[in-house]
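Remarks on the overall topology
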Number of protein chains: 2
Amino acid sequence: MTINTTPPELPKVTTDPLPASTKIHVPGRLFAQIRVPMREIALHPSAGEPDVRVYDSSGPYTDPETAIDTSAGLARHRESWIDARGDTERYEGRATRPEDNGRAAASDRLRPFPTRHLPRRATGDRAVTQLAYARAGIVTAEMEYAAIRENMGRDAALARARDGESFGAAIPDHVTPEFVRDEIARGRAIIPSNINHPELEPMVIGRNFLVKINANIGNSAVTSSMEEEVEKMVWAIRWGADTVMDLSTGRDIHDIRDWIIRNSPVPIGTVPLYQALEKVGGIAEDLTWEVFRDTLIEQAEQGVDYFTIHAGLRLHHVPLTVGRTTGIVSRGGSIMAKWCLHHHKESFLYEHFEEICEICRRYDVSFSLGDGLRPGSIADANDAAQFAELETLGELTQIAWKHDCQVMIEGPGHVAMHKIKENMDKQLACCDEAPFYTLGPLTTDIAPGYDHITSGIGAAMIGWFGCAMLCYVTPKEHLGLPDRDDVKTGVITYKIAAHAADLAKGHPGAQIRDDALSRARFEFRWEDQFNLALDPDTARSMHDETLPAAAHKTAHFCSMCGPKFCSMRISHDIRAEAQKEGMEKMAAKFREGGQLYLPEAES
Amino acid sequence: MTINTTPPELPKVTTDPLPASTKIHVPGRLFAQIRVPMREIALHPSAGEPDVRVYDSSGPYTDPETAIDTSAGLARHRESWIDARGDTERYEGRATRPEDNGRAAASDRLRPFPTRHLPRRATGDRAVTQLAYARAGIVTAEMEYAAIRENMGRDAALARARDGESFGAAIPDHVTPEFVRDEIARGRAIIPSNINHPELEPMVIGRNFLVKINANIGNSAVTSSMEEEVEKMVWAIRWGADTVMDLSTGRDIHDIRDWIIRNSPVPIGTVPLYQALEKVGGIAEDLTWEVFRDTLIEQAEQGVDYFTIHAGLRLHHVPLTVGRTTGIVSRGGSIMAKWCLHHHKESFLYEHFEEICEICRRYDVSFSLGDGLRPGSIADANDAAQFAELETLGELTQIAWKHDCQVMIEGPGHVAMHKIKENMDKQLACCDEAPFYTLGPLTTDIAPGYDHITSGIGAAMIGWFGCAMLCYVTPKEHLGLPDRDDVKTGVITYKIAAHAADLAKGHPGAQIRDDALSRARFEFRWEDQFNLALDPDTARSMHDETLPAAAHKTAHFCSMCGPKFCSMRISHDIRAEAQKEGMEKMAAKFREGGQLYLPEAES
């Protein structure tokens, strides 16, 4: 793994493929021009089984064929798909203002992204959302792209025997573009794909697809820089983040967002309220619909793929939080609660929701309806405030759908295990199966410093129950902003949770990787075991700590048990013998015995 | 945290209390001489709430009042309890032999524990097990000790409203010695407490008590030493391990075990088969009942509290494993399978099980009936081999109970989430509610290097469903032997899993710590938040990474959101105002507004 060296003052990002991995591209059938990326993990020839194809969210950064220049941004391959639809126009767009970056004068701007692309919008009052196309019976390039991705190169003919409990999810043996269209038309899935984010590699979010994960990045008033944030995005997708939210709240957030989007192959989400608040000097009560609306357009023109909108928190909900142990822990929620109380008026997000829909449909920005009243502690889980807001999110879902807007719903938070399923079931009922997108949930409050784990438990469970995307939590949650290492730990933990959920749901492709790795383990193909792991680097380095010698990478034991006690070695012998000669002869054979335990090196 | 300095060549162990913690001792009512340890975490006076008492497994090492000398071992406070029962006798015991340490001559012995205590055994054919006493209606000091511990200093009068799903577990509001006796008599709980381990601080394992965790330590032929293993034990209990298994398989294991037991306040478990195999040069087929029996007596005299015995794996089960993806992954299981096949005879552990019971009842060594056929991969979970053995373990449970022996049952392994509950339900049914003790289970195979997390998910779930003790898995699982840091990570992860399970089961005392920490979080009592955490050191250091200044330990924000965006700060203001004046006046009040967001430092 090397560090790509663009000119010194530009963001340095991590490139190169993962170990033993090759990026392959699968062409479309309906859309010849699409090239869907997958990662193929090569196994040792002795394995006598095909290489393993896995889902690849890492973008061109892991493709040696692609030259990376963060100052130019990624190739804008979606331009032609969008042009072909002939329903959008380019226009001058909104001029960047000093306050967009929290500065007094334009001259203070630190480092704008070098190229400005003219934004695109729907012509007339057209809806250019994937939902509008799906409802019109149109299969888009984005839909075929996402469909091919979901199959991870599996042969359409090979249906695996199902083993799982899906709780009503209906994952097909093979995902077709038509199935993706169906799910989107039904509102059960979304493809976040702003027409101003042509660098995007489209992906689908819904309970009848692979469970996805999101990584949050972004600076705050206290820490971090553009360079760090761009590398955090690249680093997060390298390890498997399917989408990235830029939650920056400090200065220069307009420019940081530009740099991130122009270099991101995954959907980028934001909370526009954060920037709006910066524009009014951080005084919640000074927020206005006009400032907020202007911020939505600013970000839609940049190419943000989904907006977190806290329109479900209403004035009359706020008193429900007064008795809570931890009050309101959503930033957006607390800001809106303060605004509502100060003016003693209904939330402007709620009152102007239809106008927000009109903006989103023009650029295809998906909604991520925010849970401003999510519980911030085990004590507050599943309370009246939380569920009252969820019901409002259900109403808003219907309104957004009426405007052809794509919608997902945000969920908690902090929830003990026995209360998790109620969250999922209530969300499916209130929001008519719109995709659920939860933070964790954390299953206990007593382990700050380990909240990737307290929440990974809850995330795996709610993913199994039907949650479509899991927002990661890093070890720094409640303590500070995650650094690069925290981002990796959070992403790997959530890939584990999402995959454990896919297995439990009975996803037809999920167990292929587990089985390949288990066979490698049983056959002492250490290199294959490392290469098939979610984090090959860590697996290898942990093994090296006790057995660094190259010979040990083929040894028929490891340092856990040592040669004499390797159960796999023994049972491997048992199996081999049994298969050769049957159990009876086997007993005799075993009497001749001999040292079955010695490592390769010694035998 | 300092390192205790006994003479240089002796094990150095970690001592000193955890931050803001005091060890208190609660006296018995029935047994005045017992002093039950608890950890009291002091809160900042501004909290206006009582200090928090938590379960304390760390022993005298965290008690500044106690001088630690590992060469002398811990105080033998149980001697008097055992003497008082008048049903045991001291005797010369078995002489240590060179082969006990895997050596040619006694003179090769590296470092025997300095003091040899004469072993103790039941007089005549008496049963001196806690089960025998419980059945006779006798409440022992061990039972009262364990009962007091379970209540964590809660006021017997204060019953909390229940919130949980217990799946049939019946945890009382307050645990009485009589309740412990009942549960043990019923076979639903055990107190592992060899009469030759008088240094023990007794604890109870059962589904109607707090979920417990075990940490495995032990050297292998490839790595580690006595000094490291003793410190690993002390380190593991510091962070919360309730029992420790010594799985040493290299040389000097008799002496290493002496050092560990003489210095351990928690029950020590072993797999006697490992030492027996060493005695026959590592050749499974050379194992004999005589060698094994001799090893049981050797270890019973040393004070081992529970034995893993793989008597459930029978000759006719072995063919059931031939089609598996990962065969037999239990070391003991594979050794016994090889023995059975070689001789084409029934397992000597199965055939001599009643004699094993006779030994265990004489010293009160509890059984941990081993799952030699546990699945080693998602592919092999819940298969015929695994469940056939579980049914045999059910038979053996009845036999052990007939001999007044205490029993728990070992469980898997690798199991996808949707198959976990079946494991718990089947174990309860087959083994008549004898405590279940599982390794993980791991919910996916694809994350070597992170198997504390893949298994922590399964452990939390099976603990919720009724598993009594969770055997930890460290990040090194499948890759190497855990070092000190891995042990800590494994223990903290499993404390999280066990506590999440207690919460979900509705344990009446579990949420007290979550609530105290959440209030500290909401009130910006950072120090209290760190001190109430499972790992105060890590929580504090992560906070220091971004906000090291002392002033920040009282700041009303953290670096995650910065001052302007601190939702807790805002909602705290909302709540305070609301409580003072009610929502109506509140809105007016808010209009006067002012900078609610500034950190203490600035205001």
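Values in this document were obtained by computation on a predicted structure and should not be read as measured data. (Residues numbered from 1 in each chain as written. Chains lettered and ligands numbered in written order. Predicted model: local features only at pLDDT ≥ 70, side-chain atom pairs only at ≥ 80, totals over all residues. Heavy atoms only, no water.)

**Notes on the nonpolar core**
Nonpolar side chains in soluble globular proteins generally cluster together in the buried interior. F367 of chain A together with F367 of chain B are the most contacted members of the largest nonpolar core, which totals 298 residues. When neighbours within four sequence positions are excluded, F367 of chain B is seen to be in contact with F307, I309, F353, I356, C357, C360, A400, C405, Q406, V407 and M408 of chain B. Grouped together as the second largest cluster of nonpolar side chains are 20 residues, V54, A516, F530 and M568 of chain A included. (Core = buried A, V, L, I, M, F, W, Y, C linked by side-chain atoms within 4.5 Å. Buried < 20%, exposed > 50% of the residue type's maximum accessible area, 1.4 Å probe, protein only. Contact = heavy atoms within 4.5 Å.)

**What about the interface of chain A and chain B?**
Residue-level contacts link 126 residues of chain A with 127 residues of chain B. Between chain A and chain B lies a buried interface of about 10500 Å² when both sides are counted; carbon and sulfur atoms form 69% of it. Applying the counting criterion to the chain A and chain B interface returns 4 salt bridges. Measuring nitrogen to oxygen at the nearest pair gives 2.8 Å for the salt bridge that ties K476 of chain B to E545 of chain A. Linking chain A to chain B there are 18 residue pairs in polar contact (both at pLDDT 80 or more). Those elements that provide at least two residues to the side of chain A that touches chain B are helix 7 (272–279), helix 9 (331–343), helix 14 (451–465), helix 15 (484–505), helix 16 (511–522), helix 17 (526–532), helix 18 (536–546) and helix 19 (567–592) of chain A. Element by element, the count of residues in the side of chain A that touches chain B is highest for helix 19 of chain A, at 14 residues. (Buried area = accessible area lost by both parts, 1.4 Å probe. Salt bridge = Lys/Arg side-chain N within 4 Å of Asp/Glu carboxyl O. Polar contact = N/O pair within 3.5 Å; in protein donor to acceptor, adjacent residues only side chain to side chain. Helix = DSSP H or I, 4+ residues; strand = E, 2+ residues; numbered from the N terminus.)

**A short note on the state of the cysteines**
Counted under the stated rule, the structure contains 0 disulfides over all chains. Lacking any disulfide linkage, C430 of chain B is separated from the closest cysteine sulfur, that of C431 of chain B, by 5.6 Å. (Disulfide = S-S within 2.5 Å.)

**Some points on the layout of surface pockets**
Its volume calculated, the largest pocket comes out at about 840 Å³. V52, R53, V54, M152 and G509 of chain A are, among the 40 residues lining the largest pocket, the residues nearest its centre. Those elements that place two or more of their residues in the lining of the largest pocket are strand 3 (52–55), helix 5 (226–238), helix 15 and helix 16 of chain A. Each residue belonging to the lining of the largest pocket can be placed in one class, and the counts come to 18 nonpolar, 7 polar and 15 charged. Roughly 720 Å³ of internal volume is contained in the second largest pocket. What lines the second largest pocket is a set of 38 residues, among which R53, V54, Y55, M152 and R513 of chain B lie closest to the centre. Elements supplying a minimum of two residues to the lining of the second largest pocket: strand 3 (52–55), helix 5 (226–238), helix 15 (484–505) and helix 16 (511–522) of chain B. Sorting elements by how many residues they give to the lining of the second largest pocket places helix 16 of chain B first, with 5 residues. (1 Å grid on protein atoms, 1.4 Å probe; cavity = no way out; pocket = protein on both sides within 12 Å on 5 of 7 lines; lining within 4 Å. Points joined across faces, edges and corners; volume = space filled by probe spheres on them. Nonpolar A, V, L, I, M, F, W, Y, C, P; charged D, E, K, R; others polar.)

**Some details on the pattern of salt bridges**
Residue and element names in this part refer to chain A. Following the criterion strictly, the structure yields 105 salt bridges over all chains and no others. Between R374 and D371 there is a salt bridge whose closest N-O contact spans 3.4 Å. Exposure class is identical for R374 and D371. Each is buried. Residues joined by salt bridges that share partners form a network here, namely R76, E79, D83, R90, R120, E199 and R262.

**Digging into the sheet that holds strand 10 (residues 268–270) of chain B**
All names here are of chain B. Judged by pairing direction, the barrel is parallel, and its 8 strands sit side by side in the order 8-9-10-11-12-13-14-15 before closing back on the first. Averaged over all neighbouring strand pairs, the angle between strand axes comes to 25°, with direction disregarded. By the bridge criterion, 2 bridges tie strand 10 to strand 11 (residues 306–309) in an arrangement that is parallel. When the sheet's bridge partners are listed, T270 is paired in strand 11 with F307. (Pairing = 2+ DSSP bridges. Axes fitted to C-alpha atoms, helices over the stretch in contact; angles between N-to-C directions.)

**Concerning the relation of the copies chain A and chain B**
To go from the first copy of the chain to the second, apply a rotation about an axis and then a shift along the same axis. Take chain A, turn it by 180°, move it 0.0 Å along the axis, and it overlays chain B with an RMSD of 0.0 Å. On the angle and the small slide along the axis, the relation comes out as a two-fold axis. In terms of C-alpha distance to the rotation axis, chain A has I457 of chain A as its closest residue, with the C-alpha 2.4 Å off the axis. The share of interface residues of chain A whose copies in chain B are also at the interface is 100%, consistent with both copies meeting through the same surface. (Least-squares fit on C-alpha atoms with pLDDT ≥ 70 in both.)

**Focus on the UniProt feature "binding site: Zn(2+)" (unreviewed entry) in chain A**
In the numbering adopted here, UniProt assigns the feature "binding site: Zn(2+)" (unreviewed entry) to H414 and H478 of chain A. Spanning 65 residues, the named residues form one tight spatial group whose C-alpha atoms are at most 12.2 Å apart. Along the chain, H414 of chain A falls in the loop between strand 13 (407–411) and helix 13 (420–430). You can call H414 of chain A buried: its relative accessible area is 6%. Once residues within four sequence positions are removed from consideration, H414 of chain A is found in contact with P375, G376, S377, I378, A381, P441, L442, D445 and H478 of chain A together with R521 of chain B. When you line up the elements, H478 of chain A lands in the loop between strand 15 (469–471) and helix 15. For H478 of chain A, a relative accessible area of 12% gives the class buried. In this structure the side chain of H478 of chain A is engaged in a polar contact, spanning 2.8 Å, whose partner is the side chain of D451 of chain A. (UniProt positions renumbered as here; feature names shortened; annotations may be inferred.)

**A look at helix 13 of chain A**
Residues lying three or four places apart along an α-helix face the same way, a consequence of the helix completing one turn every 3.6 residues. Residues and elements named next belong to chain A. Taken together, the buried positions of helix 13 are I420, N423, M424, Q427 and L428. Buried residues of helix 13, viewed axially, fall in a sector of 125°; they line one side. Those residues of helix 13 hidden inside the fold are in contact with helix 12 (384–402), strand 13, strand 14 (436–439) and helix 14. Of the residues flanking the end of helix 13, it is D432, one or two places downstream, whose phi is positive at about 50°. (Arc of directions from axis to C-beta.)

**Notes on the sheet that holds strand 11 (residues 306–309) of chain A**
Each strand in a sheet pairs with another by means of backbone hydrogen bonds, the pair being arranged parallel or else antiparallel. All names here are of chain A. In space, the 8 strands of this closed barrel follow the order 8-9-10-11-12-13-14-15, with parallel pairing throughout. Along the sheet, successive strands turn relative to each other by an average axial angle of 25°, direction set aside. Where strand 9 (residues 243–246) meets strand 10 (residues 268–270), 2 bridges bridge the pair, whose relative direction is parallel. Looking at the pairing, M245 lines up with G269 of strand 10. The strands touched by helix 11 (residues 353–363) are strand 11 and strand 12 (366–369); relative to strand 12, the strand with the most contacts, the crossing angle is about 140°. Packed onto the sheet, helix 12 meets strand 12 and strand 13 and runs at close to 165° relative to strand 13.

**So, the packing of aromatic side chains**
Remark: the centre distance and the inter-plane angle together describe each pair of aromatic rings, the angle taken between the planes. Under the counting rule described, the total for this entry stands at 26 aromatic pairs over all chains. Aromatic side chains W235 of chain A and W239 of chain A sit 5.6 Å apart centroid to centroid with 85° between the ring planes, which places their arrangement in the edge-to-face category. Of the two residues, W235 of chain A and W239 of chain A, neither departs from the other in class, the shared state being buried. Plain terms: the ring middles of W339 of chain B and F348 of chain B are 5.0 Å apart, the flat faces sit at 80° to each other, and that makes the pair edge-to-face. The two residues W339 of chain B and F348 of chain B agree in class, both being buried. Taken together, the aromatic side chains of W289, F292, W339 and F348 of chain A make up a single cluster linked through ring pairs. Directly above the aromatic system of F387 of chain A lies the positively charged group of K426 of chain A, at a separation of 5.2 Å from the ring centroid. A cation over an aromatic ring shows up here: K488 of chain A above the ring of W239 of chain A, its NZ or CZ 4.0 Å from the ring centre. (Phe/Tyr/Trp six-rings, centres within 6.5 Å; stacked < 30°, edge-to-face > 60°. Lys NZ or Arg CZ within 6 Å of the ring centre and 35° of its normal.)

**Comments concerning the packing of helix 5 of chain B against helix 6 (residues 253–262) of chain B**
Residue and element names in this part refer to chain B. Two numbers describe how helix 5 lies on helix 6: the axes approach to 10 Å, and their chain directions differ by 30°. Here helix 5 lies roughly parallel to helix 6, going by the angle between them. For the element pair helix 5 and helix 6, the recorded crossing hand is right-handed. The segment helix 5 lies against helix 6, with M226, E229, V230 and M233 engaging I256, W259 and I260. Grouping the constituent residues of the contact of helix 5 with helix 6 by class yields 6 nonpolar, no polar and 1 charged. (Parallel < 35°, antiparallel > 145°, perpendicular 65-115°, else oblique. Left-handed = near helix turned anticlockwise from the far one by under 90°.)

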